[in-house]
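Reading the structure
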Amino acid sequence: MKILVINGPNLNMLGIREPDIYGKSTYTDLVSMIESYCEGEGIECECFQSNHEGAIVDKIQEAYGKVDGIVINPAAYTHTSIAILDALKTVAVPAVEVHISDISKREEFRQHSFVSAACVRTIKGLGFEGYIEAIKELQKKLP
Ligand code: DQA
């Protein structure tokens, strides 16, 4: 099984960025946690982060026919990006949406996700553990 983990804008600043909301651990810590889980499970995994919507769309398109599942935290693009929604629909690779914080309990503008419509599940408010939950969800769904 091969998966792609995509993180959107400002998630490279984890640890510095609003630690009361996103925690004190860094993006490097997040990648290490995901890689060590995947290694233990025999899952091939690529972690990708970008601050640019088009780069995320390109990465999703490149995944077509190459990965079995996608874990995506589109960050602020969750609430704005029809392009990322369309890219996920285009490749039709099973995708799970993750948010570190519970977006349903934050500002109103964070409560709508465009991307959810292309995802098999949305996991929110579990911190970094949400990414592991998302991978487990893909493991359940994939051979
Ligand atoms: C986020 C929530 C978004 O509203 C926000 O713009 C982010 C991170 C989360 O992981 O909780 O950048 O996706």
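Residues numbered from 1 in each chain as written. Predicted model: local features only at pLDDT ≥ 70, side-chain atom pairs only at ≥ 80, totals over all residues. Heavy atoms only, no water.

Here we come to the pattern of salt bridges. Oppositely charged side chains can form a pair if their charged atoms are brought close together. Inspection of every chain in the model, using the stated rule, returns nine salt bridges. Notably, a salt bridge pairs aspartate 102 with lysine 105, separated by 3.3 Å at the nearest N-O pair. In this structure aspartate 102 comes out as partly exposed when scored by relative accessible area, which is 21%. One salt bridge connects lysine 140 with glutamate 137, and the closest N-O pair in it is separated by 3.4 Å. Taken together, the positions of lysine 140 and glutamate 137, both in helix H5 (residues 129-141) and three residues apart, correspond to about one turn of that helix. On the accessibility criterion, lysine 140 (66% relative accessible area) is exposed. Each of Arg121, Glu137, Lys140 and Lys141 takes part in one network of salt bridges that share partners. (Salt bridge = Lys/Arg side-chain N within 4 Å of Asp/Glu carboxyl O. Buried < 20%, exposed > 50% of the residue type's maximum accessible area, 1.4 Å probe, protein only. Helix = DSSP H or I, 4+ residues; strand = E, 2+ residues; numbered from the N terminus.)

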